[in-house]
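Now for the letters of each chain:
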Amino acid sequence: MARGTKLFQAPRSPLIQGRSRTQRPWWQPYLVSVALGLAWPVASLFPVEFAAQEDTAGVGDLLSDVLVKWFEGLPVLVPAVLLGAAAGVMVAGGWGIRYRWIPGMVGAVSAWYLALVLLALFG
C-alpha cells in the first residue's frame, strides 16, 4: 500500500478505491494557510519591536502593544490574507503540490505585504 493514498472499499463492491492526499478538500490547507497568515504579523513584528526596545523588563507590555497594532490592522490584514491564501492553495492544487498549505501561507503573507505597500503608496 502506498503511503500517499488512503484505500477504501465500498460496501458490497469488489473494487478497492483510493483517494490521494493531494485530493483532499480544499478548505483544510486553506484554513491552515489563513491561520498562519493571520499570525505572521505578530510573529514578525514582535522581534522587531523587542530589538528596538531599550530594556527587556516589559515583555508583556511590548506584546500587548504588538497585539493592539495587530487589531488595528485587521481591516487590511483579513481580506489580504483570505485572498492570498486562496490564490496560493489554488496554485498549489493546480501544480499538484503535496503540502498545499505552504504555498497558501506564502500567498497570504505576500498579499499582506503587497497590501501594506499599496497603502503606503496610495493611502
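Residues numbered from 1 in each chain as written. Predicted model: local features only at pLDDT ≥ 70, side-chain atom pairs only at ≥ 80, totals over all residues. Heavy atoms only, no water.

A. A look at the environment of Val-66. Relative to the helices and strands, Val-66 is located in helix 2 (residues 59–72). You can call Val-66 buried: its relative accessible area is 1%. Separated by 23 residues in the primary sequence, Val-66 and Ala-43 have C-alpha atoms spaced 9.5 Å apart. What Val-66 contacts, discounting residues up to four positions off in sequence, is Val-42, Leu-45, Phe-46 and Glu-49. (Helix = DSSP H or I, 4+ residues; strand = E, 2+ residues; numbered from the N terminus. Buried < 20%, exposed > 50% of the residue type's maximum accessible area, 1.4 Å probe, protein only. Contact = heavy atoms within 4.5 Å.)

B. Spotlight on the packing of helix 2 against helix 3 (residues 74–95). It is the contact of helix 2 with helix 3, at a shortest axis distance of 5 Å, that shows an interaxial angle of 65°. The angle between the axes of helix 2 and helix 3 places the two elements in the roughly perpendicular class. On helix 3, the residues that touch Trp-70, Phe-71 and Glu-72 of helix 2 are Leu-74, Pro-75 and Leu-77. The residue makeup of the contact of helix 2 with helix 3, split by class, is 5 nonpolar, no polar and 1 charged. (Axes fitted to C-alpha atoms, helices over the stretch in contact; angles between N-to-C directions. Parallel < 35°, antiparallel > 145°, perpendicular 65-115°, else oblique. Nonpolar A, V, L, I, M, F, W, Y, C, P; charged D, E, K, R; others polar.)

C. Region of the structure containing the nonpolar core. Formed by Tyr-30, Val-34, Leu-77, Val-81, Ala-85, Val-89, Ala-108 and Trp-112, the largest nonpolar core amounts to 8 residues. When residues of this core are traced back to their parent elements, those giving at least two are helix 1 (27–52), helix 3 and helix 4 (101–122). By residue number, the principal contributor to this core is helix 3, which donates 4 residues. (Core = buried A, V, L, I, M, F, W, Y, C linked by side-chain atoms within 4.5 Å.)

D. Expanded view of the pattern of salt bridges. Per the stated rule, a full pass over the model turns up 1 salt bridge. In this structure, Glu-49 and Lys-69 form a salt bridge, with 3.1 Å as the shortest nitrogen-oxygen distance. Of this pair, Glu-49 sits in helix 1 while Lys-69 sits in helix 2, and the two are 20 residues apart along the sequence. (Salt bridge = Lys/Arg side-chain N within 4 Å of Asp/Glu carboxyl O.)

E. Examining the packing of helix 3 against helix 4 more closely. Interhelical geometry of helix 3 versus helix 4 gives an angle of 140° and a closest axis separation of 6 Å. Here helix 3 is positioned oblique relative to helix 4, judged by the angle of their axes. Judged by the sense of rotation from one axis to the other, the crossing of helix 3 with helix 4 is right-handed. Facing helix 3, whose interface residues are Val-76, Leu-77, Ala-80, Val-81, Gly-84, Ala-85, Gly-88, Val-89 and Ala-92, helix 4 presents Pro-103, Gly-104, Gly-107, Ala-108, Ala-111, Trp-112, Ala-115 and Leu-119. (Left-handed = near helix turned anticlockwise from the far one by under 90°.)

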